[in-house]
Amino acid sequence: MKKSTIILPFLGLILSTGLIGCIGGETFSESAGTQEASTNSDNSQEEESADTSSDQKGETQPQGGKESSETSSEQSPEGVRQELVMDEDQIFLPSSFPGHSTENVLVSVASNNDQTYSVQYQTSNGEPLVHVTGSRFASKQEAVEELESFQNGKKVGPFEQGGEDLGYGITGYGEGAAGSQYFSWEEGNWLLSLSSATEDEIDHPAVAREIVEYLESHTLPAPGELGVVDIHYDRGSEDVTVDIRWQDGRMVYELRTGHTPLEAMQMVTSMEK
């Protein structure tokens, strides 16, 4: 009877300890599950936040659309005028490209704001055709001075003797100096000038007559006070640069090309507002 009295309390102690362990195990499991659910919920919220942030960045639109057109992708000649920011009645652009249809000409805008535009034309094969710019100065006087500076040193003669008859009552004059030869003539407010190395023996009067003949049936843009055509042949080659500029009010326009002088005339006489 004494043994039974001792064993019963001992069994009660064991059962009590096991019951506490089970209850503690269930409590720990529930706590761990709650913590895991809380962690998953936090991660889910962070992912949703990241997705929302990413979507908001993707929806951000560029600002200053006109500024972004400083350099544009290539397009057709017909579409470039609408892209330019300058007042439309002050924009001069060519519409004819000798030997190339407009469908095969691509245009890129290098500069585009309310004070200047710069447009480059090339063939679909990447061959440069012509570069056209228009710049607005603070005053008409500044625009005129810009042209006078460009004209400086390009006029030859007139001389009492040695003039070349270019036809249609126009006379050109030539001279040579320091291994170079120069020739020029005037048509209205336009000065047209040629220069090359003496050793290359470029026939200036022949080039001038071809241009004069063409301009009898085609009209250069009307300058306000002054326009200049500068034709320069590179030494030792037939490569030529034709730089045509004229002033109209506060505006100065320029057409520059590496094509022949006659092709340059065809492009500049096609320029229109």
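See above for the structure.
To keep things clear, this report deals only with the structure shown in the data block. Computed from a prediction, not measured in an experiment: that's the story for all the values here.

**Digging into the overall build of the protein**
A count of helices and strands for the protein gives five helices and 10 strands. Looking at the protein as a whole, 35% of its 273 residues are labelled buried. Put simply, of all contacts in the protein between residues at least 6 apart along the chain, 56% involve residues at least 24 apart. Accessible surface for the protein amounts to roughly 16100 Å². Of this, 48% is attributable to carbon and sulfur atoms.

**A few points about the pattern of salt bridges**
Scanning the entire structure with this criterion turns up nine salt bridges. In this structure, K155 and E186 form a salt bridge, with 3.5 Å as the shortest nitrogen-oxygen distance. Remark: E186 occurs in strand β6 (residues 180-187) and K155 occurs in the loop between α3 (140-151) and β4 (164-167); sequence separation between them is 31 residues. Here K155 falls in the partly exposed class, since its relative accessible area comes to 42%. Residue classification places E186 among the partly exposed positions, given a relative accessible area of 44%. Between E254 and R245 there is a salt bridge whose closest N-O contact spans 3.5 Å. Look at E254 and you get buried, because its relative accessible area is 18%. Because the salt bridges share partners, they merge into one network encompassing D243, R245, E254 and R256.

**Notes on helix α5 (residues 261-268)**
When α5 is considered as a whole, its buried residues turn out to be P261, A264, M265, M267 and V268. Viewed end-on, α5 has its buried residues packed into an arc of 165 degrees, placing them on one side of the element. Residues of α5 that are buried make contact with β3 (128-136), α4 (204-215), β8 (227-233), β9 (240-248) and β10 (251-257).

**Some points on the pairing of strand β7 (residues 190-197)**
Across the eight residues that make up β7, a large majority, eight, are buried. The alternating pattern of β7 places W190, L192, L194 and S196 and L191, S193, S195 and A197 on opposite faces, both of which are buried. Direction of pairing for β6 relative to β7: antiparallel, over a ladder of eight bridges. By the bridge assignment for β7, E186 is matched with L191. Counting the residues in the hairpin turn of β6 and β7 gives two residues, including G188, whose phi is positive at 60 degrees. Summarising the sheet, β7 and β8 pair through six bridges and their orientation is parallel. For S195, the partnering residue across the bridge sits in β8 and is H232. In this region the chain leaves β7, passes through α4 and returns to the parallel neighbour β8; the handedness of that crossover is left-handed.

**Quick word on the sheet that holds β6**
One open sheet holds the 10 strands; their spatial order is β1-β2-β3-β10-β9-β8-β7-β6-β5-β4, and the pairing between them is mixed. In this open sheet, the two edge strands, each paired with only one partner strand, are β1 (105-112) and β4. Across the sheet, the axes of successive neighbouring strands diverge by a mean angle of 15 degrees, strand direction being ignored. Seen against the sheet, α4 touches β4, β5 (170-177), β6, β7 and β8 and runs at an angle of roughly 20 degrees to β6. Lying on the sheet, α5 is in contact with β3, β8, β9 and β10; it crosses β9 at an angle near 30 degrees.

Here is what the cut-offs are and how they apply
- Residues numbered from 1 in each chain as written.
- Predicted model: local features only at pLDDT ≥ 70, side-chain atom pairs only at ≥ 80, totals over all residues.
- Heavy atoms only, no water.
- Helix = DSSP H or I, 4+ residues; strand = E, 2+ residues; numbered from the N terminus.
- Buried < 20%, exposed > 50% of the residue type's maximum accessible area, 1.4 Å probe, protein only.
- Contact = heavy atoms within 4.5 Å.
- Areas by Shrake-Rupley, 256 points an atom, 1.4 Å probe, with all protein chains shown as cover.
- Salt bridge = Lys/Arg side-chain N within 4 Å of Asp/Glu carboxyl O.
- Arc of directions from axis to C-beta.
- Pairing = 2+ DSSP bridges.
- Right-handed = clockwise from strand over helix to strand, strands pointing away.
- Axes fitted to C-alpha atoms, helices over the stretch in contact; angles between N-to-C directions.

In short, geometric facts, not functional conclusions.
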